[in-house]
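Residues per chain are reported as follows:
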Amino acid sequence: YVFPAISLDEGQISHFKPSNARDAVFNGLRSEPPLRVTPYVLGGGERRSRLNEAETAYDRPTDLTYDAGLDVKYGLTSNLTLDLTLNTDFAQVEADDQQVNLTRFPLFFPEKRQFFLERASNFAFDFGGPNRLFYTRRIGLQRGSQVRILGGARVVGRSGPWDVGALSMQTGREPELGPEGEALPSENFSVLRLQRNVLNDYSQVGGIVTSRMGLEGDRNLAYGLDATIRPAEEEYLTAKWAQTFTDARSEQLLSFRPARIQLLWERRTYEGLSYDLRYDRAGPRYEPGMGFELREDFYRLGDQIGYGWTPGEESPIQQHRLSLEGEAFFRNADRSLQSLEVGPEWSVTTSSRHGLTAGAFRRVEDLRRRFSPAGEVAVPSGRYSFFEGEIGYGTPRDYTLGIRAQLTGGGYFDGRRGTAQIQPTWNPSRYLQVEGFYQINRIAFPDRGEAITAHVSRLRVKVTPNVEHSLFGFVQYNSAGDVVVANLRYRYNPSQGHDLYLVYNERLNTDRSTGLDRPRLPRSAQRAVVLKYNYTFNW
């Protein structure tokens, strides 16, 4: 419920407008710990194309699916909640966004499963960007395929002065999802995160422990300590330390070799002088088995220093800011430069809340091993220096027809790169929301006579004619993977906690040629239809 009632026709962020605020006073309220039990049942079929043993044709057998599970939510106290799950299922979750990888690092995909998104901040232990000690997609997913979650428990909330996040999940054994097609063993994933305020409302200290244990003996343990202190207005000091222990390795406590460090001093303000100066280091044996890390065995210096202005009420400019941004990564072993990016950036917001950013950067990349952007041509090892620029524009978020656009161009190792992307949104009413995305990447290496052109497009449509019925459509195209992916979901919700989902997934091959002595790929690589029903009992 929202008070005061705000029509969605007023825009996407109408509920953030201070003019909509009203005072509200509630009397005679009392809290009772809730108990909610939500069983589910599902059934469906999946048809996946498989090359037969003779490699002469693709078989398309239909595998029938039927399952059941249970979720329980119980209020231990007014501020602490216990969640239990048995045979957890995410059939109704939206598909991941297709991406084209133009870097030598793994792609990062954000979490979309509601169970892990709830109270996610209670478990956060981040090092900036996608780097983190605990990454929920390590649980129940392996190389994009689902791993059965047998069950688990979670406790989140507040106990006295402490913010608490505790989680333990057990996954099942999967025959073909391990390395080189081997079996992936059943594993237990557990994490405990504690945080509390100290000194003032803006300062916190905390710690985290993670454990990943395989039933066949593999194990990865980690712990982390962090503190953010606000010694003066707008000034913040942050320190983080994490250490990992893998398999049977004998590591000394507080050793730097399996550790990750971050020290950050920042001034958080838009107007006037602002800065954040950061030092990071990851040792050669730092391996967060439940985390995500782009680089290995490095130390880093960065980030930015800037100055912002607010011209005044009569100016068409609401605020603008000029900054110098940069980061440099060095190898621990010989202190040689691995990557460098430095340059100025300017951002401006108009009085009508249009946004514009522009930047120009010099980059240096020292490759010890070659890599293949978009999985196609290879960039040889060597040291490269080049420049690139980018410009971005965005309309106010409450516009009925909005747009985000960005252009990036310049050098790219020993070649040239140009990337353009546009993200339009259309919200004509509360019953219909449409979001599009299109990106084109063009990389050329004239000296080698090689080039890449990669396209990614996405279309999301949400139709909600009333509170009971909703339809979500998500269609994507990725030229680098030669696929079209469709995800359609219908939800019938006659009352709170009473849901019926019909989910249709399709994966199509856009390039059916193999270039080998094999038959042409089938048009449909995978098709699935699932019907899921859950009902919540409240006590």
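Residues numbered from 1 in each chain as written. Predicted model: local features only at pLDDT ≥ 70, side-chain atom pairs only at ≥ 80, totals over all residues. Heavy atoms only, no water.

This part takes up the overall build of the protein. When its secondary structure is counted, the protein shows one helix and 29 strands. Against the compact-globule benchmark of 24 Å for 539 residues, the protein has a radius of gyration of 26 Å, which places it among compact chains. Of the roughly 29,600 Å² of accessible surface on the protein, a fraction of 55% belongs to carbon and sulfur atoms. The average position of the 66 basic charges and that of the 66 acidic charges among the side chains of the protein differ by 1 Å. (Helix = DSSP H or I, 4+ residues; strand = E, 2+ residues; numbered from the N terminus. Rg over C-alpha atoms; globule rule 2.2 N^0.38 Å. Areas by Shrake-Rupley, 256 points an atom, 1.4 Å probe, with all protein chains shown as cover. Lys, Arg positive; Asp, Glu negative; His and termini not counted. Charge placed at Lys NZ, Arg CZ, Asp CG, Glu CD.)

Next up on the list: empty space enclosed by the protein. The gaps of empty space that remain are located by a probe, the size of a water molecule, rolled over the atoms. Scanning the entire structure with this criterion turns up one cavity of 30 Å³ or more. Of the voids in this model, the largest cavity is the one considered here, and its volume is about 50 Å³. Together, Arg138, Gly140, Leu141, Gln142, Val147, Thr171, Leu184, Glu187, Phe189 and Arg212 line the largest cavity. Listed by contribution, the elements that provide at least two residues to the lining of the largest cavity are β6 (141–142) and β10 (187–197). Classifying every residue of the lining of the largest cavity by side-chain character gives four nonpolar, three polar and three charged. (1 Å grid on protein atoms, 1.4 Å probe; cavity = no way out; pocket = protein on both sides within 12 Å on 5 of 7 lines; lining within 4 Å. Points joined across faces, edges and corners; volume = space filled by probe spheres on them. Nonpolar A, V, L, I, M, F, W, Y, C, P; charged D, E, K, R; others polar.)

Counting 24 residues, the largest nonpolar core has Phe116, Leu133, Phe134, Ile139, Leu167 and Met169 as the members making the most contacts within it. Broken down by secondary-structure element, the contributors of at least two residues to this core are α1 (114–117), β8 (149–159), β9 (162–171) and β10. Membership of the second largest hydrophobic core comes to 17 residues, among which are Leu102, Ala374, Ile443 and Ile452. (Core = buried A, V, L, I, M, F, W, Y, C linked by side-chain atoms within 4.5 Å. Buried < 20%, exposed > 50% of the residue type's maximum accessible area, 1.4 Å probe, protein only.)

Our next topic: the packing of aromatic side chains. The final tally for this structure, using the stated rule, is 20 aromatic pairs. On the numbers, 5.4 Å between centres and 70° between planes, the contact of Tyr135 with Phe292 is edge-to-face. Placement of the pair is Tyr135 in the loop between α1 and β6 and Phe292 in the loop between β15 (272–282) and β16 (298–309), with a sequence separation of 157 residues. Grouping residues by exposure puts Tyr135 and Phe292 together as buried. Seen in terms of ring centroids, Tyr384 and Phe413 are 5.5 Å apart; in terms of plane orientation they differ by 80°. Their pairing is edge-to-face. (Phe/Tyr/Trp six-rings, centres within 6.5 Å; stacked < 30°, edge-to-face > 60°.)

On to the side chain of Asn509, then. Looking at where Asn509 falls in the secondary structure, it is placed in strand β27 (residues 498–509). Using a relative accessible area of 12% as the deciding quantity, one classes Asn509 as buried. Among the polar contacts listed, one links the side chain of Asn509 to the backbone oxygen of Pro522, at a separation of 2.8 Å. Once residues lying within four places of it in the same chain are set aside, the contact partners of Asn509 are Asp482, Leu521, Pro522, Arg523 and Ala525. (Polar contact = N/O pair within 3.5 Å; in protein donor to acceptor, adjacent residues only side chain to side chain. Contact = heavy atoms within 4.5 Å.)

Attention now goes to the confidence of the model for the protein. Confidence in the prediction of the protein, expressed as mean pLDDT, is 90, and 95% of residues score 70 or more. Note on residues 8–15: pLDDT under 50 across the span, and 18 contacts to partners over four residues away in sequence or across chains. (pLDDT = per-residue confidence, 0-100.)

This paragraph deals with the pattern of salt bridges. Taken as a whole and assessed by the stated rule, the structure comprises 41 salt bridges. Across the pair Glu450 and Arg448 runs a salt bridge, and its minimum N-O distance is 2.6 Å. With a relative accessible area of 27%, Arg448 lands in the partly exposed category. It is possible to trace a salt-bridge network through shared partners that takes in Glu94, Asp97, Lys112, Glu435, Arg458, Arg460 and Arg489. (Salt bridge = Lys/Arg side-chain N within 4 Å of Asp/Glu carboxyl O.)

Glancing now at the environment of Ser186. Counting through the fold element by element, Ser186 comes out in the loop between β9 and β10. We classify Ser186 as buried; its relative accessible area is 10%. Polar contacts involving the side chain of Ser186 include one to the side chain of Gln170, which spans 2.8 Å. Of the polar contacts made by the side chain of Ser186, one reaches the backbone oxygen of Thr171; its length is 2.5 Å.

With that settled, consider unusual backbone geometry. Unlike most non-glycine residues, Arg335 shows phi in positive territory, near 60°. Structurally, Arg335 is set in the loop between β17 (317–331) and β18 (337–350). Accessibility expressed as a relative area gives 66% for Arg335, which makes it exposed. If you check the backbone angles, Phe413 has positive phi at about 55° while not being a glycine.

A surface patch of nonpolar side chains, amounting to about 710 Å² of accessible area, comprises Leu273, Ile305, Tyr307, Trp309, Leu322, Leu324, Val342 and Trp346. When residues of the nonpolar patch are traced back to their parent elements, those giving at least two are β16, β17 and β18. Broken down by element, the nonpolar patch gets its largest block of residues, three residues, from β16. Relative to the helices and strands, Leu324 resides in strand β17. (Patch = residues over 30% accessible without salt bridge, like charges linked within 9 Å, V, L, I, M, F, W, Y side chains within 5 Å.)

Our next topic: the environment of Glu341. Within the fold, Glu341 resides in strand β18. By relative accessible area, Glu341 is classed as partly exposed at 27%. Sequence spacing of Glu341 and Arg363 is 22 residues, and the spatial spacing of their C-alpha atoms is 4.5 Å. When sequence neighbours within four positions are dropped, the list of residues in contact with Glu341 reads Glu325, Gly326, Glu327, Phe361, Arg362 and Arg363.

Attention shifts here to the pairing of β18. Where β17 meets β18, 13 bridges bridge the pair, whose relative direction is antiparallel. Pairing of Ala328 across the sheet is with Leu340, part of β18. Connecting β17 to the antiparallel partner β18 that follows it, the hairpin turn spans five residues, and Arg335 within it adopts a positive phi of roughly 60°. Inspection of the sheet shows β18 paired to strand β19 (residues 355–367) by nine bridges, in the antiparallel sense. Bridge pairing in β19 places Ser347 opposite Thr357. (Pairing = 2+ DSSP bridges.)

So, about the pairing of strand β21 (residues 401–412). Of the strand pairs in this sheet, strand β20 (residues 382–394) and β21 are connected by seven bridges, and their pairing is antiparallel. When the bridges of β21 are listed, Gly394 appears paired with Arg404. Counted along the chain from β20 to the antiparallel partner β21, the turn is six residues long. Two strands pair when backbone bridges link them, and β21 and strand β22 (residues 415–429) are joined in this way by twelve bridges, in the antiparallel orientation. Bridging across to β22, Tyr412 finds its partner in Gly415.

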